[in-house]
Structures are given as C-alpha cells and as structure tokens.
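# Topology and contacts: notes
Read off the chains here:
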Amino acid sequence: MEKKERTNMITEPMHVSDETYEKAVLQSTLPVIVDFWAPWCGPCKMVGPLLDDIAKDYAGKLVVAKVNTDENSERAVSYNVQTIPTLLFIKNGEILKRHSGSLSYAALREMVDSFLAI
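I will try to describe carefully the structure that is included in this document. (Residues numbered from 1 in each chain as written. Predicted model: local features only at pLDDT ≥ 70, side-chain atom pairs only at ≥ 80, totals over all residues. Heavy atoms only, no water.)

In this section: the nonpolar core. Among the nonpolar cores identified, the biggest contains 21 residues, and Tyr-21, Val-25, Val-34, Phe-36, Tyr-79 and Ile-90 are the most heavily contacted of them. Every element with two or more residues in this core is listed here: helix H2 (21-26), strand S2 (32-37), strand S3 (63-68) and strand S4 (86-91). Sequence-distant contacts of Val-25, defined by excluding residues within four places in its chain, comprise Val-16, Val-32, Val-34, Ala-65 and Ile-90. Core analysis: the second largest hydrophobic core is formed by 16 residues, Phe-89, Leu-103, Val-112 and Phe-115 among them. (Core = buried A, V, L, I, M, F, W, Y, C linked by side-chain atoms within 4.5 Å. Buried < 20%, exposed > 50% of the residue type's maximum accessible area, 1.4 Å probe, protein only. Helix = DSSP H or I, 4+ residues; strand = E, 2+ residues; numbered from the N terminus. Contact = heavy atoms within 4.5 Å.)

Dropping the structure here:
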C-alpha cells in the first residue's frame, strides 16, 4: 500500500465540469493549468499529450485540469475563451497567465516553469 503522501500526487489530467470547477481549480492548494478543449479540435489533440506529460513531470507541484467546452461551457464563457485550446494558469484562484493555440513541449515547459516561479 502506498503512503498517504502519494495519494495527493495527481499524475494525470483531471476532467473538471462546471459543477466541480470551483473546488477542483479555484480552491486547489496547488497551482492549476486549466485546458479548455473539445474532442473535435485538432490543435487540442496536439496539446493534450503534452499536458499528460506535464501532469506526470510536475506531479505534486501542480494540477492539470481539462474542461470539455462542448459539455461544460459556463466557465469558458465566463473567462471569455474564444479559441481552443486555451490554457489558464491559475494560482490561489487567480489567473496569472493565459495561452491560446498549440505550442511545443519546450515552450509549454518554459511557461510552466515561469508560472511556478511567480
């Protein structure tokens, strides 16, 4: 059986709905990257595996949350998300960075590192 500390390390993106967003993202004790995406979106399919890797590489340091905008549009509308994928970098309930469109893994890591340094 794993130690209790290990259970707090989320190593893959979690799927968040409009109903669970407040608790999962805004009340998170760890910084959160929120990915607003949709299953039909080509660039989203490119960014998805990068975020899987980020979730593993930064487990215990941040959380990756995915919001399917087809099923959960309330938060996307409230944040004026007009392009997907859109990534929001949130710490203590506050958006500190925002990125729309696809990007390389190196660029994403650089963004994550600067976000965690804030």
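Here we take up the packing of helix H3 (residues 42-57) against helix H5 (residues 105-117). As a packed pair, H3 and H5 sit with axes 10 Å apart at the nearest point and diverge in direction by 45°. What the angle tells us is that H3 and H5 run oblique. Crossing of H3 over H5 shows right-handed handedness. Contacts between H3 and H5 pair Leu-50, Leu-51, Asp-53, Ile-54 and Asp-57 from the former with Tyr-105, Leu-108, Arg-109 and Val-112 from the latter. Of the residues contributing to the contact of H3 with H5, the split by class is six nonpolar, no polar and three charged. (Axes fitted to C-alpha atoms, helices over the stretch in contact; angles between N-to-C directions. Parallel < 35°, antiparallel > 145°, perpendicular 65-115°, else oblique. Left-handed = near helix turned anticlockwise from the far one by under 90°. Nonpolar A, V, L, I, M, F, W, Y, C, P; charged D, E, K, R; others polar.)

This next bit is on the pattern of salt bridges. Taken as a whole and assessed by the stated rule, the structure comprises three salt bridges. The salt bridge partner of Asp-35 is Lys-66, with a shortest N-O separation of 2.6 Å. Of the two residues, Asp-35 is situated in strand S2 and Lys-66 in strand S3; the sequence distance between them amounts to 31 residues. With respect to burial, Asp-35 and Lys-66 carry one shared label: buried. Residue Asp-57 is joined to Arg-109 by a salt bridge in which the shortest nitrogen-to-oxygen separation is 3.4 Å. Remark: Arg-109 occurs in helix H5 and Asp-57 occurs in helix H3; sequence separation between them is 52 residues. A relative accessible area of 43% places Asp-57 in the partly exposed class. Residue Arg-109 is classed as partly exposed on the basis of its relative accessible area of 31%. (Salt bridge = Lys/Arg side-chain N within 4 Å of Asp/Glu carboxyl O.)

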